[in-house]
Amino acid sequence: MYRKVYGDGKRLFLAFHGWAGDHREFSAIAARLPADACWVSIDLPGYGDTPAPAAWDMPSITRQLERDLNDLFEKYDDITLVGFCSGVIFGVELARLRPEIFKRIVMIDPFTFLPWYFRIFTLGEFGRRAYASTFMSATGRRITDRILSSMQTSDADFTAAFKDADHELIQNYLRLFSRLDGPSVFSAFDIKVDIALGAKTFGAVKRSVKQIKQQWPDAPVHELLRTGHLPLVKGAPALRKIVFTQ
């Protein structure tokens, strides 16, 4: 499993990127670390240089994460998981599988369900055609950015990651997310949770945060001002304070 490692401190921060992203999403946060921190950003299965999962189901992917990251679990005894967008789902599943390993999860702009405007891409041939017209052409990406800008605020190009993407991989992940039972995935277990979201993010993220708070009522919610669903650059200073302060 591909890893990008920053720092060599005794506190490990293990970061899972979002849908259609990769390890580079966290570079602005990881560029400035406390002296006692080590930050590891991975490419999730199928992305970048990480092999695709053996099967497209959550247990298979979670077991691949556990196997490929086990050397980190043996080396560090102070581990915080950091997930962005759909990467939060994998962090929660891994922590549920190995709850004795992790002290904390930081959830950044999490989704607990697949919104309708992404779910349509999973609807058979119609969904494949809709996906192609939305993400596989420059014109479609420009139109999509305009539409998404009306639903949330971002200082980043939302569809930039799709220009040279593995579209079959991305659609496989969408189909996986469409089958997930959000209330089951995000049912509470004993772990400390912090939540951060862009003040101007998608309504679906805000609804997801409310659902997560029902499970972890003591989890603090940090609102990142003047950011939308892509807060990892503009919101990096605030996120560093949230992530590294325990």
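Since we're looking at a predicted model, the values are computed, not measured.

1. What about the sheet that holds strand β5 (residues 104-108)?
And then number 1: An order of β1-β3-β2-β4-β5-β6-β7 is seen for the seven strands of this open sheet, with the pairing classed as mixed. The sheet terminates laterally at β1 (3-6) and β7 (221-224), the two strands that pair on one side only. Sheet twist, expressed as the average angle between the axes of neighbouring strands with direction ignored, equals 20°.
And then number 2: With five bridges joining them, strand β4 (residues 79-84) and β5 adopt parallel strand pairing. In the strand pairing of β5, Phe84 is matched with Ile108.
And then number 3: Its contacts with the sheet place helix α11 (residues 236-244) against β2 (11-16), β3 (37-42), β4, β5, β6 (192-198) and β7, and it is angled at close to 160° to β5.

2. Concerning the packing of helix α2 (residues 58-68) against helix α4 (residues 87-97)
Each pair of packed helices can be summarised by the angle the axes make with each other and by the distance between the axes.
And then number 1: For the pair α2 and α4, interaxial distance at closest approach is 10 Å and the crossing angle is 75°. In terms of their interaxial angle, α2 and α4 are classed as roughly perpendicular. Contacts between α2 and α4 involve Met58, Ile61, Thr62, Arg63, Leu65 and Glu66 from the first element and Ile89, Phe90, Glu93, Leu94 and Leu97 from the second.
And then number 2: Of the residues in the contact of α2 with α4, the class split is seven nonpolar, one polar and three charged.

3. Considering the pattern of salt bridges
And then number 1: By the definition in use, this model includes 12 salt bridges.
And then number 2: With a closest N to O distance of 3.0 Å, Asp36 and Arg11 form a salt bridge. Highlighted residues: Asp36 in the loop between α1 (27-30) and β3 and Arg11 in strand β2, separated in sequence by 25 residues.
And then number 3: On the basis of relative accessibility, which here comes to 36%, the residue Asp36 falls in the partly exposed class.
And then number 4: A salt bridge links Asp68 to Arg67; the nearest nitrogen and oxygen atoms lie 3.4 Å apart.
And then number 5: A relative accessible area of 54% means that Arg67 is categorised as exposed.
And then number 6: Three or more residues joined by partner-sharing salt bridges are found here, namely Arg63, Glu66, Arg98 and Glu100.

4. A closer look at the environment of Tyr6
And then number 1: The residue Tyr6 is located in strand β1 in this model.
And then number 2: On the basis of relative accessible area, Tyr6 is assigned to the buried category, the value being 17%.
And then number 3: Separated by 195 residues in the primary sequence, Tyr6 and Thr201 have C-alpha atoms spaced 28 Å apart.

Parameters and conventions
Residues numbered from 1 in each chain as written. Predicted model: local features only at pLDDT ≥ 70, side-chain atom pairs only at ≥ 80, totals over all residues. Heavy atoms only, no water. Pairing = 2+ DSSP bridges. Helix = DSSP H or I, 4+ residues; strand = E, 2+ residues; numbered from the N terminus. Axes fitted to C-alpha atoms, helices over the stretch in contact; angles between N-to-C directions. Contact = heavy atoms within 4.5 Å. Parallel < 35°, antiparallel > 145°, perpendicular 65-115°, else oblique. Nonpolar A, V, L, I, M, F, W, Y, C, P; charged D, E, K, R; others polar. Salt bridge = Lys/Arg side-chain N within 4 Å of Asp/Glu carboxyl O. Buried < 20%, exposed > 50% of the residue type's maximum accessible area, 1.4 Å probe, protein only.

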